[in-house]
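Results of the structural survey
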Amino acid sequence: MIVRRLIIGAALLLTALPARAQQDLNVEGDWTHAATGMVFPERLDNALRTRIHWFDAEGLDVSAGYALRHGGDLGLVTLYVYPAPPGRDCAANFSEIERNVVDSYGDVQRVESDRWPSPSGRVAGAAYHARFTLTGTLEGKEQPLVSESYLFCPAGGTWLVAARASWARSSDLRQSFVALLRALPWPATLDTPAE
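What counts and what doesn't
Residues numbered from 1 in each chain as written. Predicted model: local features only at pLDDT ≥ 70, side-chain atom pairs only at ≥ 80, totals over all residues. Heavy atoms only, no water. Helix = DSSP H or I, 4+ residues; strand = E, 2+ residues; numbered from the N terminus. Polar contact = N/O pair within 3.5 Å; in protein donor to acceptor, adjacent residues only side chain to side chain. Contact = heavy atoms within 4.5 Å. Core = buried A, V, L, I, M, F, W, Y, C linked by side-chain atoms within 4.5 Å. Buried < 20%, exposed > 50% of the residue type's maximum accessible area, 1.4 Å probe, protein only. Salt bridge = Lys/Arg side-chain N within 4 Å of Asp/Glu carboxyl O. Disulfide = S-S within 2.5 Å. Pairing = 2+ DSSP bridges. pLDDT = per-residue confidence, 0-100.

You can see His-33 is positioned in strand 4 (residues 31–33). At 2.9 Å, the side chain of His-33 forms a polar contact with the backbone oxygen of Leu-60. The contact partners of His-33, leaving out residues within four places of it in the chain, are Met-38, Phe-40, Gly-59, Leu-60, Val-62, Val-81 and Trp-159.

What follows is the structure, encoded as structure tokens:
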């Protein structure tokens, strides 16, 4: 069964999971994804981690939410590390993410689709990226939003790294989102692109 995850006003279709396996963790301080060594800091510059969520009982499929503040503007970012679905390439995984966003909103428009660097920024053109405009809820009110989708497929084909970010259309937090991605301490297993 495929489940949808609502991420900052946009759905991201990722894996098949039983609902009983999902849980929010009560974590203070930095948290490490044991299977990959990925560290999700509690605070990173202007971003404060808001939660860690497990989508499976083993803690392999996880997300970390961050509230990103810049100049009084708020952006919400969710980072994912999860096992790659077998038999599907990176482009197919990203097409599914894009399709799910488009299918989830009546007024969504994809305004950009391009390639971005690996999470740390070391390898250009290694990740998939799309930018959408849509209407969603932020800070308790429905409003026009910008929503970014990002997918990186590391070498080895074992893991996927995804990110979703949203902020008010009247703001521009793209550089803050990119800076957050690059500032995270990415282990080489999650920052080396597949060949």
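There is more to say after this.
What follows deals with the nonpolar core. One finds Phe-40, Tyr-66, Val-77, Leu-79 and Phe-177 to be the most contacted residues of the largest nonpolar core, which totals 33 residues. Considering every element that reaches this core, the biggest residue donor is strand 13 (residues 159–168), with 5 residues. One finds Ala-67, Ala-84, Phe-94 and Leu-145 within the second-largest nonpolar core, a separate group that totals 23 residues.

For the rest of this paragraph, the subject is the pattern of salt bridges. Within the structure shown, the criterion is met by 8 salt bridges. Measuring nitrogen to oxygen at the nearest pair gives 3.2 Å for the salt bridge that ties Asp-24 to Arg-51. Note that Asp-24 is positioned in strand 3 (residues 23–25) and Arg-51 in strand 7 (residues 47–54), a separation of 27 residues in sequence. Exposure remark for Arg-51: the relative accessible area of 37% places this residue in the partly exposed category. Between Arg-174 and Glu-112 there is a salt bridge; the shortest N-O distance is 3.1 Å. Taken together, the residues Arg-174 in helix 2 (residues 174–183) and Glu-112 in strand 10 (residues 109–116) connect sequence positions 62 residues apart. Look at Arg-174 and you get buried, because its relative accessible area is 16%.

Before going further, it helps to spend a moment on the state of the cysteines. All told, the structure shown has 1 disulfide when counted by the stated rule. The residue that forms a disulfide with Cys-90 is Cys-153, at a sulfur-sulfur distance of 1.9 Å. Around the S-S axis, the bridge from Cys-90 to Cys-153 shows a dihedral of about 85 degrees and counts as right-handed. Taken as a pair, Cys-90 in helix 1 (residues 90–104) and Cys-153 in the loop between strand 12 (141–152) and strand 13 lie far apart in primary sequence, 63 residues in all. The exposure class assigned to Cys-90 is buried, which follows from its relative accessible area of 15%.

Our focus in this paragraph is the pairing of strand 13. Burial analysis of strand 13 places 10 of its 10 residues in the buried class, which makes it a mostly covered element. Alignment of strand 9 (residues 73–83) against strand 13, held across 9 bridges, turns out to be antiparallel. Within strand 13, the residue paired with Val-77 across the bridge is Ala-165. Inspection of the sheet shows strand 12 paired to strand 13 by 8 bridges, in the antiparallel sense. Residue Glu-148 lies in a different strand from strand 13, and its bridge partner there is Ala-165.

On average, residues of the protein chain carry a pLDDT of 88, and 89% of them reach 70 or more. Here residues 1–20 scores under 50 on pLDDT; set against residues more than four positions off or in separate chains, the count is 63 contacts.

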